[in-house]
Amino acid sequence: GNVTEIPGHPTNVAAQWITDEDPMKLSLDSWKLEQRYILASFYFSASQGSEKAWGECKKPVGQESDVCNFWGACDRGLVELLDLQSIVTQTRTKRWLSGVDECEWAGVSCDHSGRLLFLSLCENNMVGQIPSYLSLLPLVLLELSNNRFEGTLPTEVQRFSRLQLMGLYNNSLTGTIPDEISDLERLEVLDVSHNSLIGTLSPSVGKLTKLKVLHLRDNNLAGSLPLALTELKDLAYLSVNENDFSGTIHTELGNLGRLQEIRLDQNGFYGTIPTEIGRMGALTDLDLSFNDKIEGTIPEEVYGLNLRYLLLDDMNLSGTISTAIGNLGNLFWLKLSYNSLSGTIPTEVGLCESLQLAWFHRNELTGSMPDEVCRNRRTSGLQGLQGLQADCLGESAQIACSLGECCTFCCDEAGSCSEA
């Protein structure tokens, strides 16, 4: 049967509100009626009639003012990336289901004709499932991150034909990523991180040719990354960390010349680090850590990138640290701990003058910590090397480095560590 006829169903409650309570009293021939009804249905669905749900700007009670303070801050950086006018910094706006135009409700933004484009309600303690009827709105941006939504992503997602940003970060979503999401040809940002999604990433992701941001971290996704992912030429940010992905790292990733950040850490990838990563000229952040089946050496090509973060800890790497590491003048963090690297720590590490953290411990490195590195460690203030860790503990220390004066953290062969 029709769910709108089921007493207590959000769409039924919304119909009653539109008919009996809505101060706007829109006529049946008003094109705005459907839009207002959909939003009202969403309100009753996401609040579920509970006083504890829907944090700010809920329905006014009695003589309560329509004005409210809305603090549901979304990721402004994602909105700016799309070159869309940001509405996520509103702090003074109108309550939902108040007697004003729905375009004035908190987290809602419309075009000049009054058609709803943005629905941006982050961190507002909303519950229930994400209703499929939201796809009836001409949304460009759907941001519902940091709430308590559960259930699966609706397969009707392909109806969001104008959508450029879908942000559902940090909810309790389950099930798989529906294949239908690949029909969203305008989509530029997809963030479903920090949920409980399962299954694989479909090769159909290659159809999202405008995608700039793909965040899937901290789910239960598995399988290998589809080769089609390497066809997304506009991709700038890729994070699939904290999942159960496996397989080798595709050499074709080197074709993604606009990729700035790639996070594959805390998965089950194996094989070697592709030398083709050196072709990713825009790359600044590379994190492959906690993939203990990735072996081999650190490719020389990596040292030719303009990296800020090089995180290769808790892997199975061998070989030496190249003197070419001195080319990484903008490097902030260097993590090489818990590998089988050998040889000495190059003096050229001292050329990395932006370095704030360097982890060399739990390797097979020998010799002394270069004076050039220790000089950076002693730089005054908050600049300079704040964290320097090596196998420098005990009489049989592999690395000669004074704890406190140079190194901040020393380990021994047995794995015991001491902090300055």
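Residues numbered from 1 in each chain as written. Predicted model: local features only at pLDDT ≥ 70, side-chain atom pairs only at ≥ 80, totals over all residues. Heavy atoms only, no water.

1. Re the environment of threonine 344
Then step 1. Turning to its location among the elements, threonine 344 is positioned in the loop between strand E21 (342-343) and strand E22 (357-359).
Then step 2. Along the sequence, threonine 344 and leucine 365 sit 21 residues apart, while their C-alpha atoms lie 5.5 Å from each other.
Then step 3. If we ignore the near neighbours within four places in the chain, the residues touching threonine 344 are Leu365 and Thr366. (Helix = DSSP H or I, 4+ residues; strand = E, 2+ residues; numbered from the N terminus. Contact = heavy atoms within 4.5 Å.)

2. Some details on the pattern of salt bridges
Then step 1. The full count for this structure, using the stated rule, is 14 salt bridges.
Then step 2. Lysine 32 is the partner of aspartate 101 in a salt bridge, and the nearest nitrogen-oxygen pair spans 3.2 Å. Residue aspartate 101 is located in the loop between strand E2 (93-94) and strand E3 (108-110), and its partner lysine 32 is located in helix H2 (residues 32-47); the two are separated by 69 residues in the primary sequence.
Then step 3. In this structure aspartate 101 comes out as partly exposed when scored by relative accessible area, which is 24%.
Then step 4. Residue lysine 32 is classed as buried on the basis of its relative accessible area of 12%.
Then step 5. Where arginine 308 meets glutamate 261, a salt bridge forms, and the shortest distance between an N and an O atom there is 3.6 Å. (Salt bridge = Lys/Arg side-chain N within 4 Å of Asp/Glu carboxyl O. Buried < 20%, exposed > 50% of the residue type's maximum accessible area, 1.4 Å probe, protein only.)

3. Here we look at the state of the cysteines
Then step 1. Throughout the structure, instances matching the rule amount to six disulfides.
Then step 2. Each sulfur in the disulfide pair cysteine 103 and cysteine 110 lies 2.0 Å from the other. Between cysteine 103 and cysteine 110, the S-S torsion sits near -95 degrees, and that sign places the bridge as left-handed. The exposure classification of cysteine 103 matches that of cysteine 110, with both residues buried.
Then step 3. Covalent S-S linkage joins cysteine 392 and cysteine 410, the inter-sulfur distance amounting to 1.8 Å. For the disulfide bridge between cysteine 392 and cysteine 410, the dihedral angle about the S-S bond is near -95 degrees, and by the sign convention the bridge is left-handed. Of this pair, cysteine 392 sits in the loop between strand E25 (387-390) and strand E26 (399-400) while cysteine 410 sits in strand E27 (residues 409-411), and the two are 18 residues apart along the sequence. (Disulfide = S-S within 2.5 Å.)

4. Let's talk about the pairing of strand E17 (residues 293-296)
Then step 1. Here three bridges tie strand E15 (residues 268-272) to E17, and the two strands are oriented parallel to one another. Of the residues in E17, the one forming a bridge with glycine 271 is isoleucine 294.
Then step 2. Pairing geometry for E17 and strand E19 (residues 316-317), over two bridges, is parallel. Each bridged residue has a counterpart across the sheet, and for glutamate 295 the counterpart in E19 is asparagine 316. (Pairing = 2+ DSSP bridges.)

5. Here's the deal with the nonpolar core
Then step 1. With 113 residues, the main nonpolar core has Phe42, Trp96, Leu119, Phe360 and Met369 as its most contacted residues.
Then step 2. Looking at this core, the elements that each hand over two or more residues are helix H1 (10-20), H2, E3, strand E4 (116-120), helix H4 (371-377) and E25.
Then step 3. By residue number, the principal contributor to this core is H2, which donates eight residues.
Then step 4. Beyond its immediate stretch of four places on either side in the chain, methionine 369 contacts Ile345, Phe360, Cys374, Leu388, Ala390, Ile399, Ala400, Cys401, Cys406 and Cys407.
Then step 5. One finds Leu117, Phe118, Leu165 and Val189 within the second-largest nonpolar core, a separate group that totals seven residues. (Core = buried A, V, L, I, M, F, W, Y, C linked by side-chain atoms within 4.5 Å.)

6. Some remarks on unusual backbone geometry
Then step 1. Phi at asparagine 125 is positive, roughly 60 degrees, even though this residue is not glycine.
Then step 2. Along the chain, asparagine 125 falls in the loop between E4 and strand E5 (141-143).
Then step 3. Since its relative accessible area comes to 28%, asparagine 125 is described here as partly exposed.
Then step 4. Located in the positive-phi region is phenylalanine 290, a residue other than glycine, with phi close to 55 degrees.
Then step 5. Structurally, the position occupied by phenylalanine 290 is in the loop between strand E16 (285-287) and E17.
Then step 6. With a relative accessible area of 40%, phenylalanine 290 lands in the partly exposed category.

7. Quick notes on the sheet that holds strand E13 (residues 244-247)
Then step 1. Overall, parallel pairing links the five strands, which are arranged E11-E13-E15-E17-E19 in an open sheet. Two strands lie at the open edges of the sheet, namely strand E11 (222-224) and E19, each paired on one side alone.

8. Some remarks on H2
Residue pairs spaced three or four apart in an α-helix point in one direction, given the helix's 3.6 residues per turn.
Then step 1. For H2, which comprises 16 residues, the first-to-last C-alpha distance of 23 Å matches the rise-based estimate of 22 Å (1.5 Å per residue) to within 8%.
Then step 2. Where burial is concerned, most of H2 is hidden: 14 out of the 16 residues are buried.
Then step 3. The positive-phi residue at the C-terminal boundary of H2 is glutamine 48, with phi of around 50 degrees. (Expected span 1.5 Å × (residues − 1).)

9. Details of the packing of aromatic side chains
Then step 1. Enumeration according to the criterion identifies 11 aromatic pairs in this entry.
Then step 2. With centroids separated by 5.5 Å and ring planes inclined at 80 degrees, the aromatic side chains of tyrosine 43 and phenylalanine 44 adopt a geometry described as edge-to-face.
Then step 3. Between tyrosine 309 and tryptophan 333, the ring centres sit 5.5 Å apart and the planes meet at 80 degrees, which makes this aromatic pair edge-to-face. Taken together, the residues tyrosine 309 in strand E18 (residues 309-311) and tryptophan 333 in strand E20 (residues 333-335) connect sequence positions 24 residues apart. (Phe/Tyr/Trp six-rings, centres within 6.5 Å; stacked < 30°, edge-to-face > 60°.)

10. Considerations on the side chain of asparagine 124
Then step 1. If you trace the backbone, asparagine 124 turns up in the loop between E4 and E5.
Then step 2. A relative accessible area of 1% means that asparagine 124 is categorised as buried.
Then step 3. If we ignore the near neighbours within four places in the chain, the residues touching asparagine 124 are Trp54, Gly55, Glu56, Phe70, Asn146 and Asn147.

11. Re the environment of isoleucine 198
Then step 1. Topologically, isoleucine 198 is positioned in the loop between strand E9 (189-191) and strand E10 (213-215).
Then step 2. For isoleucine 198, a relative accessible area of 42% corresponds to the partly exposed category.
Then step 3. Along the backbone, isoleucine 198 and serine 246 are 48 residues apart, and their C-alpha atoms lie at a distance of 14 Å.
Then step 4. Ignoring any residue separated from it by four or fewer positions in sequence, one finds isoleucine 198 in contact with Gly175, Thr176, Ile177, Asn220 and Leu221.

As far as function goes, none of this settles anything; it's purely spatial.
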